[in-house]
Amino acid sequence: MSKPAYQFEKMHGLGNDFMLLDADSQPDGLTLPPPAAAIKRWSDRRYGVGFDQLIYLYRKNGSQYYQFFNADGRPAEQCGNGQRAIALYLKNKHQAMPMTIHGVGGPVELNHNRDGHTVITLQQPYRHEKRQLSLAGTTVTAYVVDVGNPHCVIVSDEIEADHLTKIATLISPYFDSGINLELMQIIDEQHVKIRIHERGAGETLACGSGAAAAAIVMRHYFQGALETKVSMPGGDLQVLLGADCDKISLIGPAKSVYQGQIYA
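This text gives an overview of the structure that appears in the document.

Rules used throughout
- Residues numbered from 1 in each chain as written.
- Predicted model: local features only at pLDDT ≥ 70, side-chain atom pairs only at ≥ 80, totals over all residues.
- Heavy atoms only, no water.
- Helix = DSSP H or I, 4+ residues; strand = E, 2+ residues; numbered from the N terminus.
- Rg over C-alpha atoms; globule rule 2.2 N^0.38 Å.
- Contact = heavy atoms within 4.5 Å.
- Areas by Shrake-Rupley, 256 points an atom, 1.4 Å probe, with all protein chains shown as cover.
- Lys, Arg positive; Asp, Glu negative; His and termini not counted.
- Charge placed at Lys NZ, Arg CZ, Asp CG, Glu CD.
- Phe/Tyr/Trp six-rings, centres within 6.5 Å; stacked < 30°, edge-to-face > 60°.
- Buried < 20%, exposed > 50% of the residue type's maximum accessible area, 1.4 Å probe, protein only.
- Lys NZ or Arg CZ within 6 Å of the ring centre and 35° of its normal.
- Pairing = 2+ DSSP bridges.
- Axes fitted to C-alpha atoms, helices over the stretch in contact; angles between N-to-C directions.
- Core = buried A, V, L, I, M, F, W, Y, C linked by side-chain atoms within 4.5 Å.
- Polar contact = N/O pair within 3.5 Å; in protein donor to acceptor, adjacent residues only side chain to side chain.
- 1 Å grid on protein atoms, 1.4 Å probe; cavity = no way out; pocket = protein on both sides within 12 Å on 5 of 7 lines; lining within 4 Å.
- Points joined across faces, edges and corners; volume = space filled by probe spheres on them.
- Nonpolar A, V, L, I, M, F, W, Y, C, P; charged D, E, K, R; others polar.
- Salt bridge = Lys/Arg side-chain N within 4 Å of Asp/Glu carboxyl O.
- Expected span 1.5 Å × (residues − 1).

Observations concerning the overall build of the chain
- When helices and strands are counted, the chain shows four helices and 18 strands.
- Against the globule reference of 18 Å for 264 residues, the chain gives a C-alpha radius of gyration of 18 Å, in line with a compact fold.
- Reported as C-alpha extents along the three principal axes, the dimensions of the chain are approximately 60 × 40 × 30 Å.
- In the chain, of all internal contacts separated by at least 6 residues, the share reaching a separation of at least 24 is 58%.
- Entry remark: accessible area of the chain is about 12,100 Å², with carbon and sulfur atoms responsible for 46%.
- On the chain, the mean spot of the 24 positive side-chain charges and the mean spot of the 27 negative ones are 5 Å from each other.

Structure, rendered in structure tokens:
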């Protein structure tokens, strides 16, 4: 008898890429969700599928649930680009939109707009604070934002020249559970650019929750608008903030790349 293989779909949102496993599509005899060692091995871009995060979808009590895992195999709470990829995947499965999915990061409404872009709305409050961090003898202003997962935003006029990985290493001791880092350059009150270093994945081309964190910092500390364009190496997202700090919407493209199967 042949060994069962996991069925997956490779997807991305602005170059932030994912391996999506749907529990409903898996054959019998597999461990679900997959073990951390398998996820880490599959994430390798030379010897595996290659991805920033793995998305695991499953149903419970008649509702759709999601779980994210970083490339190192550890669970992640939130992923805005991943949720937009889920919206495209379920739309292609003929799921009626809008719909709500559930996970550690809270309930998320999925939808599509007239441009064919995916729209996700995080239906939860967010938190933010301003802190002073000492990095290699220099005091740096950091904005710590919780959007269901933790982010540290540092404003810079030279984000292309700044050593992203070095800064991520320096700030890591301040956060016991790790943190995602965004270096942010302010273009105007409705437009920022960011570079992203995600815990468990390293530098990525885009990050939906990181874009949300940048928009929150703009709004609450730099008199930014409720709607902000966030430009990342992989492309742009539109971020809409609720006036009462109670919800965040992300609008942008998502793509399905290919389908495949892989052994644990």
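Re the packing of aromatic side chains
- Going through the model one piece at a time under the given rule, you end up with seven aromatic pairs.
- Ring geometry for Tyr 58 versus Tyr 65: centroids 5.6 Å apart, planes at 20°, classification stacked.
- Judged by its relative accessible area of 23%, Tyr 58 is partly exposed.
- Above the ring of Tyr 65, the side-chain terminus of Lys 60 is found at 4.7 Å from the ring centroid.

Regarding the sheet that holds strand β3 (residues 53-60)
- Taken in spatial order, the six strands line up as β5-β4-β3-β2-β1-β18 in an open sheet, and their pairing is mixed. Of all strands in the sheet, those bounded by a partner on one side alone are β5 (75-76) and β18 (255-262).
- Note: strand β1 (residues 6-13) against strand β2 (residues 16-22), five bridges, orientation antiparallel. In the strand pairing of β2, His 12 is matched with Asp 17.
- Across the sheet, helix α2 (residues 80-92) is in contact with β1, β2, β3, β4 (63-70) and β18; its angle to β2 comes to roughly 50°.

Points about the nonpolar core
- One finds Ile 86, Leu 110, Met 232 and Ile 248 to be the most contacted residues of the largest nonpolar core, which totals 49 residues.
- Of all the elements, helix α4 (residues 208-221) adds the most residues to this core, at eight residues.
- In contact with Met 232, other than residues within four places in its own chain, are Leu 14, Ile 194, Ile 196, Leu 205, Ala 206, Cys 207, Ala 211 and Leu 237.
- If you look at the next biggest cluster of nonpolar residues, it comprises 16 residues, including Leu 133, Leu 135, Val 144 and Ile 179.

Examining the side chain of Thr 228
- Inspection of the secondary structure puts Thr 228 in strand β15 (residues 227-232).
- Under the relative-accessibility criterion, Thr 228 is labelled buried at 0%.
- Not counting residues up to four positions away in its chain, the partners in contact with Thr 228 are Gln 190, His 191, Val 192, Ala 215, Leu 237, Gln 238 and Val 239.

Notes on the side chain of Gln 78
- Secondary-structure assignment places Gln 78 in the loop between β5 and α2.
- One polar contact links the side chain of Gln 78 to the main-chain carbonyl oxygen of Val 147, over a distance of 3.3 Å.
- Sequence-distant contacts of Gln 78, defined by excluding residues within four places in its chain, comprise Tyr 66, Phe 68, Gln 83, Gly 105, Leu 122, Gln 124, Val 147, Gly 148, Asn 149 and Ser 209.

Here we look at empty space enclosed by the protein
- Following the criterion strictly, the structure yields one cavity of 30 Å³ or more and no others.
- The calculated volume of the largest cavity comes to roughly 70 Å³.
- Taken together, Gln 53, Asn 70, Ala 76, Glu 77, Gln 78, Cys 79, Asn 149, Asn 180, Glu 198, Arg 199, Cys 207 and Ser 209 make up the full set of residues lining the largest cavity.
- Class assignment of the residues belonging to the lining of the largest cavity gives a composition of three nonpolar, six polar and three charged.

Looking at the pairing of β15
- Bridge count for strand β13 (residues 191-198) against β15 is three bridges, and the pairing is parallel. Its bridge partner being in β15, Lys 193 is matched across the sheet by Ser 231.
- As judged from the six bridges shared by β15 and strand β16 (residues 235-241), these two strands associate in the antiparallel manner. Each bridged residue has a counterpart across the sheet, and for Glu 227 the counterpart in β16 is Leu 240.
- Counting the residues in the hairpin turn of β15 and β16 gives two residues.

A few points about the pattern of salt bridges
- Tallying each qualifying case throughout the model produces eight salt bridges.
- With a closest N to O distance of 2.8 Å, Asp 17 and Arg 45 form a salt bridge. Of this pair, Asp 17 sits in strand β2 while Arg 45 sits in the loop between α1 (36-42) and β3, and the two are 28 residues apart along the sequence.
- Under the relative-accessibility criterion, Arg 45 is labelled exposed at 52%.

What about α4?
- End to end, α4 covers 20 Å across 14 residues, agreeing with the expected 20 Å (1.5 Å per residue, within 8%).
- Gly 208, Ser 209, Gly 210, Ala 211, Ala 212, Ala 213, Ala 214, Ala 215, Ile 216, Val 217 and Met 218 are the residues of α4 that are buried.

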